[in-house]
Amino acid sequence: MLKRQACARSVRRLATVQGLVLAFALAAVGCGSDGEKGSTEGQPIRVTATVGMVADVVRNVGGDRVTVTALMGPGVDPHLYKASEGDIARLADADIVFYNGLLLEGKMTEVLEKIAQRGRTTVAVAERIDATKLLHPKEFEGHPDPHVWFDVSMWKQTIAPVVEALAAVEPESREQFQANAARFGAELDALHAWCGEQLALVPEEGRVLVTAHDAFGYFGRAYGVEVVGLQGLSTASEYGLKDVRRIVDLVSERRVKAVFVESSVPKRSIEAVVEGCRANGHDVRIGGELFSDAMGEAGTPEGTYVGMVRANVTKIVEALR
Ligand SMILES: [Zn+2]
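The present account deals with the structure reproduced in this document. (Residues numbered from 1 in each chain as written. Predicted model: local features only at pLDDT ≥ 70, side-chain atom pairs only at ≥ 80, totals over all residues. Heavy atoms only, no water.)

The residue His79 is located in the loop between β2 (66-70) and α3 (85-92) in this model. A relative accessible area of 9% means that His79 is categorised as buried. Within the structure, the side chain of His79 is placed 3.2 Å from the side chain of His147, a separation counted as a polar contact. Within the local environment of His79, its side chain forms a polar contact with the side chain of Asp293, the two groups lying 2.9 Å apart. (Helix = DSSP H or I, 4+ residues; strand = E, 2+ residues; numbered from the N terminus. Buried < 20%, exposed > 50% of the residue type's maximum accessible area, 1.4 Å probe, protein only. Polar contact = N/O pair within 3.5 Å; in protein donor to acceptor, adjacent residues only side chain to side chain.)

See the structure below:
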């Protein structure tokens, strides 16, 4: 939550600087306000995406008709990410900009709005998902939870807007995009079913996911896992004994076998939970590091959306069974 408030402040501060940089970048690539766009004859559609998960959908749908640049690589936190000068040029130069939306890319809001005002096609894929499916946790102060990709059936809904946007630029490839979309959609259907089957292997009582960050709300709802976030413990100033005790009690009581870390969060808050549980006579271990807001290294299985989900589910099920 603090991350979010800090975020709103920095967005305002950044706005002026980024506005100037953006103006230069747009001028440099000759982008007027007349909404010029469209792929050059024969050339693939140039796409710039923010997070890897969004880039992955576009690659799957677009196939060889797109070249996709993802601005945020492995381990990058999209909540805190600020567009560099180079990023702004890559956004301004794209035929289409795809991003998650729902304020995931909180510090890029202004830049993305300006790009759209300059006539570039921008698509916030998560904002095209059936809004009745969105979660509104109280920590998000009225905003929907943006971490929709961990309910695979919801993420599948981002395919259709990608098809539409690509086909608007290159209508002659519509059938190809639709065929790719059908194949990728079937792959996600299979993945969604597999996630449910895997989580069902964990006895219901122990199906509790303790993580450091708030990314797994949709995952929990989709696959019947109770999600307990340590988000309030993610910085030194936020470290609260009361929160640790609440989690220690829950983990001990439910005999949960493992808790999980993420690379961006100090390990000691999780270690405090582990120690507290041991003092309670319950031996809990750290079940490993989960992918949350970024995929793994390109070229590895975890460098794709499907691979990232499979890696998390495998780790969770192995640790909690
Ligand atoms: Zn997040």
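On we go.
Tallying each qualifying case throughout the model produces 12 salt bridges. For the salt bridge of Arg46 with Asp93, the shortest nitrogen-to-oxygen distance reads 3.4 Å. Linking Arg46 in strand β1 (residues 45-49) with Asp93 in the loop between α3 and β3 (96-99), this pair joins segments that are 47 residues apart in sequence. Across the salt bridge formed by Asp87 and Arg90, the nearest N and O atoms sit 3.2 Å from each other. Highlighted residues: Asp87 and Arg90, both in helix α3, separated by three residues, approximately one helical turn. Its relative accessible area of 3% is what places Asp87 among the buried residues. Since its relative accessible area comes to 38%, Arg90 is described here as partly exposed. Because the salt bridges share partners, they merge into one network encompassing Arg46, Asp93 and Asp95. (Salt bridge = Lys/Arg side-chain N within 4 Å of Asp/Glu carboxyl O.)

Our focus in this paragraph is the packing of helix α2 (residues 52-62) against helix α7 (residues 174-199). Contact geometry for α2 and α7: axes closest at 7 Å, N-to-C directions at 120°. Here α7 runs oblique to α2, going by the angle between their axes. Of the residues in α7, those touching α2 at Asp56, Val57, Asn60, Val61 and Gly62 are Gln176, Phe177, Asn180, Arg183 and Phe184. Here the contact of α2 with α7 is composed, by residue class, of four nonpolar, four polar and two charged. (Axes fitted to C-alpha atoms, helices over the stretch in contact; angles between N-to-C directions. Parallel < 35°, antiparallel > 145°, perpendicular 65-115°, else oblique. Contact = heavy atoms within 4.5 Å. Nonpolar A, V, L, I, M, F, W, Y, C, P; charged D, E, K, R; others polar.)

Take the packing of α3 against helix α4 (residues 109-117) next. Packed helices, taken two at a time, are described by their axes: the angle between them and the distance between them. In the contact formed by α3 and α4, the axes pass within 10 Å of each other and the chain directions differ by 30°. Comparing the axis directions of α3 and α4 gives the class roughly parallel. Where α3 crosses over α4, the handedness of that crossing is right-handed. Seen from α3, the contacting residues are Ile88, Leu91 and Ala92; seen from α4, they are Val111, Leu112 and Ile115. Of the residues contributing to the contact of α3 with α4, the split by class is six nonpolar, no polar and no charged. (Left-handed = near helix turned anticlockwise from the far one by under 90°.)

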